[in-house]
Amino acid sequence: MSDKTITRFAPSPTGWIHVGNLRTALMNYLIARKAGGEFILRIDDTDPNRSKEEYVDGIKRDLEWLGIHWDRVERQSLRLEKYHAAAQELRDMDRFYEAFETPTELDLKRKKQLNMGKPPVYDRAALALSDDEKAALRAERGDGVWRFKLKHERIVWNDGILGDVSIDGASVSDPVLIRGDGQILYTLASVVDDTEMGVTHVVRGSDHVTNTGTQIQIMQALGGTVPSFAHHSLLTGPQGEALSKRLGTLALKDLREAGIAPQALLSLMSRLGSSDPVELRTEMDALIEGFDISRFGSAPTKFDAEDLKPLTAKYLQTLDVADVADAVAALGVPDDLATQFWNVTRDNITTLHDLGPWWTMFANGAEPVIDDEDRDFVAQAMTLLPDAPFDGDTWGAWTSAVKEATGRKGKGLFMPLRKALTGQAHGPDMSAVMPLLQVVKARG
Ligand code: GLU
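What comes next is a walk through the structure. It should be emphasised that the depicted structure is a prediction, and the values quoted were computed from it without experimental measurement. (Residues numbered from 1 in each chain as written. Predicted model: local features only at pLDDT ≥ 70, side-chain atom pairs only at ≥ 80, totals over all residues. Heavy atoms only, no water.)

**A closer look at the layout of surface pockets**
Put simply, the rule reads: Cavity and pocket criteria rest on a 1 Å grid covering protein atoms alone: a 1.4 Å probe that fits but cannot get out defines a cavity, protein on both sides within 12 Å along at least 5 of 7 lines defines an open pocket, and an atom within 4 Å of a point defines a lining residue. Grid points are joined across faces, edges and corners, and a volume is the space filled by probe spheres set on the points. For the purposes of this entry, the term helix denotes a DSSP run of H or I that reaches at least four residues, the term strand denotes a run of E that reaches at least two, and both are numbered from the N terminus. In this count, Pro and Cys sit with the nonpolar residues alongside Ala, Val, Leu, Ile, Met, Phe, Trp and Tyr, while Asp, Glu, Lys and Arg are called charged and the others, Gly among them, polar.
By volume, the largest pocket amounts to about 830 Å³. Looking at the largest pocket, it is lined by 32 residues, and the ones nearest its centre are His18, Asn21, Thr24, Asp207 and His208. Every element with two or more residues in the lining of the largest pocket is listed here: strand E1 (6–9), helix H1 (19–34) and strand E9 (201–205). Ranked by residues supplied to the lining of the largest pocket, first place goes to H1 with four residues. Lining the second largest pocket are 17 residues, and of these Tyr315, Leu316, Leu319, Val324 and Leu352 lie nearest its centre. Only helix H11 (308–317) and helix H12 (325–330) provide two or more residues apiece to the lining of the second largest pocket. Split into classes, the residues belonging to the lining of the second largest pocket amount to eleven nonpolar, three polar and three charged.

**What to know about the pairing of strand E2 (residues 38–43)**
Consecutive residues of a regular strand have side chains that alternate between opposite faces of the sheet. Stated precisely, the cut-off is as follows: Buried residues are those whose accessible area, probed at 1.4 Å on protein chains only, stays under 20% of the maximum for their type, while exposed residues exceed 50% and partly exposed ones sit between those limits. Two strands pair under a simple rule: DSSP has to find at least two bridges between them. Every crossover in which the path from the first strand over the helix to the second runs clockwise, viewed with the strands pointing away from the viewer, is termed right-handed.
The element E2 is extensively covered by neighbouring structure, given that six of its six residues are classed as buried. Alternating positions in E2 separate into two faces, Glu38, Ile40 and Arg42 on one and Phe39, Leu41 and Ile43 on the other, with burial throughout. Of the strand pairs in this sheet, E1 and E2 are connected by four bridges, and their pairing is parallel. Residue pairing for E2: Phe9 is matched across the bridge by Leu41. As for the winding sense of the linkage, the β-α-β connection from E1 through H1 to E2 is right-handed. As paired strands, E2 and strand E3 (residues 72–75) are joined by four bridges and run parallel to one another.

**As for H1**
For the record, the criterion: A helix is expected to reach a length of 1.5 Å times the quantity of its residues less one.
Across its 16 residues, H1 extends 22 Å between first and last C-alpha, which sits within 8% of the 22 Å expected from 1.5 Å per residue. A large share of H1 lies buried, amounting to 13 of its 16 residues. Once H1 ends, the next one or two residues include Gly36, with phi positive near 65°.

**So, the sheet that holds E2**
We count it as follows: Axis lines are fitted to C-alpha atoms, over the contacting stretch for helices. Their N-to-C directions set the angle, which ranges from 0 to 180 degrees. Only heavy atoms matter for contacts: two residues are in contact if any of them lie within 4.5 Å across the pair.
Taken in spatial order, the three strands of this open sheet run E1-E2-E3, and their pairing is parallel. Each edge of the sheet is formed by a strand with only one pairing partner; in this case those strands are E1 and E3. Put simply, the sheet's adjacent strands are angled 30° from each other on average, direction ignored. Lying over the sheet, helix H2 (residues 53–66) contacts E1, E2 and E3, oriented at roughly 155° with respect to E2. In this fold helix H6 (residues 186–196) packs onto E1 and E2, with an angle of close to 150° to the strand it touches most, E2.

**Here's the deal with the site of the ligand**
As a reminder of what qualifies: Throughout this document, a residue counts as near a molecule or strand when at least one of its heavy atoms sits within 4 Å of that molecule or strand. Any pair of nitrogen or oxygen atoms within 3.5 Å is treated as a polar contact; in protein, a donor-acceptor pairing is required on top of that, and neighbouring residues in sequence qualify only through side-chain atoms on both sides. Computed by Shrake-Rupley with a 1.4 Å probe, the accessible areas treat only the displayed protein chains as cover when residues are assessed.
Every residue close to the ligand is listed here: Arg8, Ala10, Ser12, Asp44, Tyr186, Ser190, Arg204 and His208. Between the ligand and Ser12, the relevant distance is 3.2 Å, taken from a nitrogen atom to a side-chain nitrogen or oxygen of the residue. Here His208 contributes a side-chain N or O atom positioned 2.9 Å from an oxygen atom of the ligand. Notes on the ligand: free accessible area 290 Å², of which the protein chains cover 80%.

**Section: the packing of aromatic side chains**
Each aromatic ring pair is specified by the distance between its two centres and by the angle formed by the two planes. Operational definition: Any Phe, Tyr or Trp ring, taking Trp's six-membered ring, that has another such ring centre within 6.5 Å forms a pair; planes under 30 degrees apart are called stacked, those over 60 apart edge-to-face, and the others tilted. The rule for a charge over a ring is simple: NZ of Lys or CZ of Arg within 6 Å of the ring centre, and within 35 degrees of the ring normal.
Enumeration according to the criterion identifies eleven aromatic pairs in this entry. Ring geometry for Trp395 and Trp398: centres 5.8 Å apart, planes at 65°, overall edge-to-face. Placement of both Trp395 and Trp398 in helix H16 (residues 394–406) is noted, with a separation of three residues, approximately one turn of the helix. The exposure classification of Trp395 matches that of Trp398, with both residues buried. When the ring centre of Tyr122 is taken as reference, the NZ or CZ atom of Arg147 above it lies at 3.8 Å. Residue placement shows Lys253 over the ring face of Trp16; its charged tip is 4.9 Å from the ring centre.

As C-alpha cells, then:
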C-alpha cells in the first residue's frame, strides 16, 4: 500500500444532510487535504427503497456550496457483485452463517437474556441447525439473514479521538451483513470499499464505535488493511439535549436558505468540540492548515445554530461590493448607488437577507417616528430639507441650517431627525444614509 492518505465521506442518500453529517464530511476532507491525499465521496445506497436520487443531488449541492470538493464519487449500488464475492469468501472460510429467527423471536430472546441479567447478545442458535432444518426453515420463512461469526476475543484499536478502545467480541451480536431479501448491508459494503479503495483514515460519529469493532474483524478476515479510526462525539443542542430529533431542522440546505455563509459554518464546525478556539476563517486553506483531529475531545459537543449568525455577519463585513454584486443588483439597487449601499449596510446586517428591508426603506422611505414634543421641530426642519437626490454633504448642511433656525443642538437636534427619516433611533451614519434615501415620508 502506498502511504497516500485516502479518506471518504459516506452518506446514505436517505435524507438531507445536516450539521452532524457536515462534521464528519469536513473532518475527513481536511485530513485528506492537509496530507495532500485523496477525498472520496461515497454514496452508501445499497438500500434501494430508502435511497433517493434527489438526496444524492442534495448532498452534492450542499458540499459544493461549502467548497468541500471530492476527488471522485463511488456508489455502492454499482458495486454489489464485489460485496457478494466478499460474502462468498466469508462463507468459504466458515465465518458466515444463515439464521432464520423472526424479529419477534429475536426480541423475545433479548428480553429473556435481560431478565436473567445477561447482555442481549445473539445466542448463535442458528449455528446448530442441520442442513435439513435449514431447508425446512427456508421453505417456511424464505431465505434467512447472513451473520458474520465474530471471534470472541478483544478487538482493540488506537482511536484518533477516543484513544485506546477495546471491545470484547463476545459482548457483540454477530452482525447481520445480508438481509433476508438479499440486500447487502452497509457494514459489509463499507469494509469491502474501504479495503479496495485503500482508505487510510475513517472519521465518523461515535455511534459507530461498535460497528468499528465488528468491521475490524471482517477486514481482518478478508485480508484487508485496517485503517486508522477516529470517532467524533455526537452533537447536542445548546442545553445538552439530544439533537437527533432536531437535526431535520438543521439541514445544510435550510441553513443555506436562511442566509448562513458557508465560511461561518465551516469555521464553526472545524473547531467546535476541539480545544482550539472558533475563529472566522474565510479561506479553506486556513481551515486545512489549522485542523488537528487530536485536539478534539470525546465529550458530547454542544451546537447552537445561533452561533452561525455572528460569524456570518463578521464574514459579510470582510466583503467588497463586488463580492455581493448579484445580491445587491437583485434588489434593484441602481449601479451608481451599489457601493454606497453596501458600505452603509454591511455592518448592520446578519445575513444577506437583511439587505432587502434596508433597500425597501431607502427606496420607499421609512415610516417616520416623531415624538409629540418634536412635531413642530420636525415640521420646521422638513421645510429646510432640499429635494432628493441627496449627497454626502446633505446631512451636515441641513442639520446646520436646522440648528441655526431652531437653536437645537446635539442629541435633541439629531435624534428626532434621524427618527423622522429612518424610523429608527439607531443605524448607520446619517451622512452616508442620505445619498441612498430616495423618498422622505416625513415631508408629508
Ligand atoms: N453510510 C454510513 C452512515 O452514514 C457511513 C458510516 C461510515 O462512515 O462508515 O452512517
